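Chain residues, written in single-letter form:
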Amino acid sequence: LENGTVVLILEDHSAPVVSVQIWIKTGSIHEGELLGSGLSHAIEHMIFKGTEKRGVGQITREINDAGGDINAYTSFDRTVFHADLPSRHWRVGVDVLSDAVRNATFPEEEWVKEKEVILREIAMCNDDPGRLVDYLLWETAFTSHPYRFPIIGHREIFERLTRDDLSSFARRNYAPDNMIVAIVGDIDPAEVEAAVRESFKGFGRKARPAVVLPEEPRQIAPRIRRREGEFNICRIELAWHTIPLTHPDAPALDLLAAVVGEGRSSRLVRRIKEEKRLVHSINAWHYTPREPGLFGISMLLDPEQEDAALAAVEEEAASWTRARFSEAELQKARRMMLTSELADLQTMRGMAAMLAEGEFYAGDPMFSRSYLKKIESVTPADLRDVAKRYLTVENRTIAVVAPKRKLSPSGTGKDVKTAMRVERHVFPNGTPLVVREDHRLPFAYAVFALTGGVIYESEKNNGATKLLSELLLKGTKKRTRDEVAEQIESAGAHMAPFCGFNSFGIQLRCLSADLPRFLDLAVESLVQPALAPEEIEKEKDAQMAAIEAERERPMYLAQEQLRAALFAGHPYRFHPLGTPESLNRLDRDSLTDHLSRLVVAGNLAVAVFGDVSAESVKVEIGKLVERIPSGKRPHRLGREATPSLPARVERREPREQAVVLAGFPGVSLTDPRADALSLLHYALSGLSSDLADSVRERRGLAYYVGAYNQLGVDPGAFVFYAGTREDAVPEVLSLYEHEIERLARQGLRKEELERARNQIVADFEMQTQDNLGFALNCALDELYGLGYEHTLKTAERFTKLTAEDIRAAAQTILSTNRMAVSVVLPRGSAK
């Protein structure tokens, strides 16, 4: 535009959706005399607090009322505001976002409140060991460049920020010639261009000083920083200074990261994780912004393996400067990078981000195309050369975040249970409560879980539970939607619904001092939701859009076909989102009936974890559950799946990939074979599995391949999956059958069993750090009749499983005579 704004418009009618994004070319490294304050991030928050035309909350409300969602993020070098909406409301997105970035008023009273919210966000970031090791790495690797400061800022600097600091910085930097507008979707480009011109009319260029960033001095000696605390797992990051995106070596370094550390067949994963078993996870990455970046390796491991893992990784990195890389390794990495790039383009948001990113970093919206061509020209010798040039000992920085003391060895489950201090109590109305005291941080977490989802739905009301769950926090009979949102956000809390095939409910996180009022709000939302007609229609529109978005994915369509074949006559054939037809039949009366059927005391389980007193929680929850209507878990019609097997279903879609699934009737959560099938799922998934080796690594037939085990209140399914090409479908199915025969006849080899067992136990140990996720698991275990100790005994359960247990489960479940095959093929491809 005449004022310097770059506008990127792409017409795409594949879905009735539009994404509107505004990129500001200013981030945390541009904060000048206020470096380290998190000023850019604070402005991101305050942009939504109103303009001269729109009051507090109206910006978000207008987007939500149009069936869309709006959000923003801040990076080192940019701040991005984005909204995704039904395409019929694209004008709302353009008008609201342009008004926000042009005319934010930064009300003083809102800044006072938002400052507290951000302080809590800083506290939460500081409680996240993954973020802590990241902060530690950057502040150690960089001594002069602003990369050394966290994007969110340091608390002591942030606290000194004033409303005037925000306003003057935004006036200076939120200028039209410092912006990129990207709009992609089901739109008319001419109409959109005219609307953008109108929205930016009268928005003139602004004088501002040139951006001059200090150059980081060359690192001349290795650096290491360590932080110990109340952590369960050790996290290590190694990094080397490299170059900016514009440097000719960038493609080779990106490809090196993919070859050595992306995917389970990469060198680091195969040698450090799989062969030496020194880490739980490991990957390599390369960050190349406009300024010189870093090449890094990230690890998650047990603390007693720290020295051995570091030595092994340093030895491995040194070998890259000498060893030859194969053309096969390069080709695999190129394919992974290509498919990753393409995957980002499945949505309007992804396409808009791709265009804006290309313009921002290279001045070319289609930069990704030319960059992928550069990747094709990289040779094995190039990889060795860049490794030799950049991955030197003196250029290396190591950051370690580790526990103060060694953990007790896992395996029996007893140490975990003792450490968790979990208690169970059942109230007179039958509602169970699970409590865990954890006083490390001043946070409380709660889950109210009820059975529901598709198991209580029919073809007529499919999607009702999902719709109902989204409406729970959209106002009650006592509070408006905005009042509910204000109560949650002003306290810096998180409160959200969840819904799946077997359950639904509300989960929350807040400061422990605020817990009583949020427990009250949760119960009020369950028992007395407003279910306002206008909110019902908005959520129905949003759910319709979600269905349309899902139906863009070949995997979703293949799973839809497979469910219909495996679960004929049973509700598991449905999806929690429902269908446009079933959603159109839902109204306030039907949702009220559905709510009254499900929200009863006998159908509820509660879990409260965190910085709480178990006795106080019992008293508090005891009072609240008295408000839950009495009643037993609602009766479900005894509908058993009646599939006609073996079966094969096939369809064509306007997509590029073929998806092939092979599914078998499975077991329920309470079936003795459930754990054996879960372990089998782990053994068959990932690039180190025999399945991946035969399908992907040796034959190159699939981009992704694996298996999953769908467990539920009723028997679920065990499914093999692969994303492939049409001519490879018969061979992929043949390899599935070969693997099925092997598992039923021989079972897993010892190393396969141990690897899968170690992964399950490690995943459980890592999950214990997340109180909200842990509370949800315990609540659902209670709800499903497994008992809260089911999760606590994960290590014990899976340690006891034998190879014969696995073989027997495979023999009873994985039979080609009971197999349903679902295939989605590209439309128009030759057979």
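Preceding block: the structure.
Only a predicted model underlies this, so the values are computations on that prediction, with no experimental measurement involved.

Cut-offs used in this document
- Residues numbered from 1 in each chain as written.
- Predicted model: local features only at pLDDT ≥ 70, side-chain atom pairs only at ≥ 80, totals over all residues.
- Heavy atoms only, no water.
- Helix = DSSP H or I, 4+ residues; strand = E, 2+ residues; numbered from the N terminus.
- Rg over C-alpha atoms; globule rule 2.2 N^0.38 Å.
- Contact = heavy atoms within 4.5 Å.
- Areas by Shrake-Rupley, 256 points an atom, 1.4 Å probe, with all protein chains shown as cover.
- Lys, Arg positive; Asp, Glu negative; His and termini not counted.
- Charge placed at Lys NZ, Arg CZ, Asp CG, Glu CD.
- Salt bridge = Lys/Arg side-chain N within 4 Å of Asp/Glu carboxyl O.
- Buried < 20%, exposed > 50% of the residue type's maximum accessible area, 1.4 Å probe, protein only.
- Pairing = 2+ DSSP bridges.
- Expected span 1.5 Å × (residues − 1).
- Axes fitted to C-alpha atoms, helices over the stretch in contact; angles between N-to-C directions.
- Phe/Tyr/Trp six-rings, centres within 6.5 Å; stacked < 30°, edge-to-face > 60°.
- Lys NZ or Arg CZ within 6 Å of the ring centre and 35° of its normal.
- Core = buried A, V, L, I, M, F, W, Y, C linked by side-chain atoms within 4.5 Å.
- Parallel < 35°, antiparallel > 145°, perpendicular 65-115°, else oblique.
- Left-handed = near helix turned anticlockwise from the far one by under 90°.
- Nonpolar A, V, L, I, M, F, W, Y, C, P; charged D, E, K, R; others polar.

If you tally the helices and strands in the protein chain, you get 32 helices and 21 strands. Since a compact globule built from 831 residues should have a radius of gyration of about 28 Å, the 27 Å found for the protein chain is in line with a globular shape. Seen through its C-alpha atoms, the protein chain measures out along the principal axes to roughly 70 × 65 × 60 Å. Residue pairs at least 24 apart in sequence account for 82% of intrachain contacts in the protein chain once pairs closer than 6 positions are excluded. Total accessible area on the protein chain stands at roughly 33,900 Å², and carbon and sulfur atoms take up 50% of it. Each charge class in the protein chain can be summarised by its mean position, and for the 107 positive and 122 negative side chains these summaries are 3 Å apart.

On to the pattern of salt bridges. The final tally for this structure, using the stated rule, is 68 salt bridges. Between Glu 535 and Lys 538 there is a salt bridge whose closest N-O contact spans 3.1 Å. Linking Glu 535 with Lys 538, this pair stays in helix H20 (residues 533-550), spanning three residues, or about one helical turn. According to the relative accessible area criterion, Glu 535 is buried, its value standing at 8%. Classification of Lys 538 by relative accessible area gives buried; the value is 14%. In this structure, a network of salt bridges that share partners links the residues Arg 61, Asp 65, Arg 481, Asp 482, Glu 535 and Lys 538.

Here we come to the pairing of strand S15 (residues 503-511). When you tally the buried positions in S15, you get eight out of nine residues, the bulk of the element. Judged from the nine bridges that link them, strand S13 (residues 443-451) and S15 form a sheet pairing that is antiparallel. Each residue of the ladder has a partner; that of Thr 451, found in S15, is Ser 503. Bridging between strand S14 (residues 494-499) and S15 involves six bridges; their strand directions are antiparallel. Across the sheet, residue Pro 497 finds its bridge partner in S15, namely Ile 506.

On to the environment of Arg 421, then. Mapped onto the elements, Arg 421 comes out in the loop between helix H16 (414-420) and strand S11 (422-426). In this structure the C-alpha to C-alpha distance between Arg 421 and Glu 620, which are 199 residues apart in sequence, comes to 19 Å. With sequence-adjacent residues up to four places away left out, Arg 421 is seen in contact with Val 435, Arg 436, Glu 437 and Asp 438.

Over its 12 residues, helix H24 (residues 614-625) extends 16 Å from the first C-alpha to the last, a length consistent with the 16 Å expected when each residue adds 1.5 Å. Its buried side turned inward, H24 meets S11, strand S12 (432-437), S13, helix H19 (515-527) and strand S16 (604-610).

Attention now moves to the sheet that holds strand S7 (residues 234-241). Read across the open sheet, the five strands follow the order S6-S10-S7-S9-S8; overall the sheet is mixed. Pairing within the sheet leaves two strands with one partner each, and these edge strands are strand S6 (223-229) and strand S8 (281-287). Recorded for the sheet is a direction-independent mean angle of 10 degrees between the axes of neighbouring strands. Taken together, the eight bridges between S7 and strand S9 (residues 294-301) define a ladder with antiparallel strand orientation. Bridge pairing links Ala 239 to Gly 296 in S9. Each of S8 and S9 is contacted by helix H9 (residues 250-261), which is oriented at about 175 degrees to S8, the strand it contacts most.

Turning next to the environment of Tyr 682. Looking at the element boundaries, Tyr 682 is found in helix H25 (residues 674-684). Look at Tyr 682 and you get partly exposed, because its relative accessible area is 23%. Tyr 682 sits 25 residues away from Ala 707 along the chain, and the two C-alpha atoms are 7.9 Å apart. In this view, Tyr 682 contacts Ala 756, Gln 759, Ile 760 and Asp 763; residues no more than four positions away in its chain are not counted.

When you line up the elements, Glu 752 lands in helix H28 (residues 750-767). With near-sequence residues (within four places) excluded, Glu 752 lies in contact with Ala 683, Asp 690 and Arg 742.

With that settled, consider the packing of aromatic side chains. Here the structure, examined in full by the defined rule, presents 25 aromatic pairs. An angle of 75 degrees between the planes, with centres 5.2 Å apart, marks the rings of Phe 142 and Tyr 147 as edge-to-face. Residue classification places Tyr 147 among the buried positions, given a relative accessible area of 1%. Put simply, the rings of Phe 76, Trp 138, Phe 142, Tyr 147 and Tyr 287 pair up and form one aromatic cluster. Here the basic side chain of Arg 290 rests over the ring of Phe 360, its NZ or CZ set 4.0 Å away from the ring centre. Across the ring face of Tyr 456, the terminal group of Arg 636 is positioned such that the distance to the ring centre comes to 5.8 Å.

The buried fraction of helix H26 (residues 690-697) amounts to six of the eight residues, a majority that puts the element mostly inside the structure. The complete set of buried residues in H26 reads Asp 690, Leu 691, Ala 692, Ser 694, Val 695 and Arg 696.

This brings us to the nonpolar core. Phe 448, Met 495, Phe 518, Val 608 and Ile 621 are the most contacted members of the largest nonpolar core, which totals 70 residues. Dropping the residues within four chain positions of it, Phe 448 is found in contact with Phe 498, Phe 504, Gly 505, Ile 506, Leu 519, Ala 522, Val 523, Leu 526, Leu 604, Ala 605, Val 606 and Ile 621. Core analysis: the second largest hydrophobic core is formed by 63 residues, Val 260, Ile 282, Phe 325 and Ala 356 among them.

Our next topic: the packing of helix H10 (residues 267-275) against helix H11 (residues 306-319). Between H10 and H11, whose axes approach to 11 Å, the crossing angle comes to 150 degrees. Viewed along their axes, H10 and H11 adopt a mutual orientation that is roughly antiparallel. The way H10 lies across H11 gives a crossing that is right-handed. On H11, the residues that touch Arg 267, Leu 268, Arg 271 and Ile 272 of H10 are Ala 312, Val 313 and Glu 316. In terms of residue class, the contact of H10 with H11 is built from four nonpolar, no polar and three charged.

On to unusual backbone geometry, then. The omega torsion across Leu 645 and Pro 646 is 0 degrees, close enough to zero to call that bond cis. Within the secondary structure, Pro 646 is located in the loop between H24 and strand S17 (647-653). A positive phi is found at Leu 531, a non-glycine position, where the angle reads about 50 degrees.

Attention now moves to the sheet that holds strand S2 (residues 17-24). Taken in spatial order, the five strands make up an open sheet running S1-S5-S2-S4-S3, and their pairing is mixed. The open sheet has two edge strands with one neighbour each: strand S1 (6-11) and strand S3 (69-74). Each strand of the sheet is rotated relative to its neighbour by a mean of 10 degrees, with strand direction disregarded. The pairing of S2 with strand S4 (residues 79-86) spans eight bridges and is antiparallel. Paired with Val 17 across the strands is Pro 86, a residue of S4. Across the sheet, helix H1 (residues 39-46) is in contact with S3 and S4; its angle to S3 comes to roughly 170 degrees.

With that settled, the discussion passes to the packing of H26 against helix H27 (residues 729-745). At their nearest, the axes of H26 and H27 sit 10 Å apart, and the two run at 160 degrees to each other. Judged by the inter-axis angle, H26 sits roughly antiparallel to H27. Note that H26 runs across H27; the crossing there is right-handed. Where H26 approaches H27, its residues Asp 690, Leu 691, Ser 694 and Val 695 are matched on the opposing element by Val 732, Leu 735, Tyr 736, Glu 739 and Arg 742. Residue composition of the contact of H26 with H27, grouped by class: five nonpolar, one polar and three charged.

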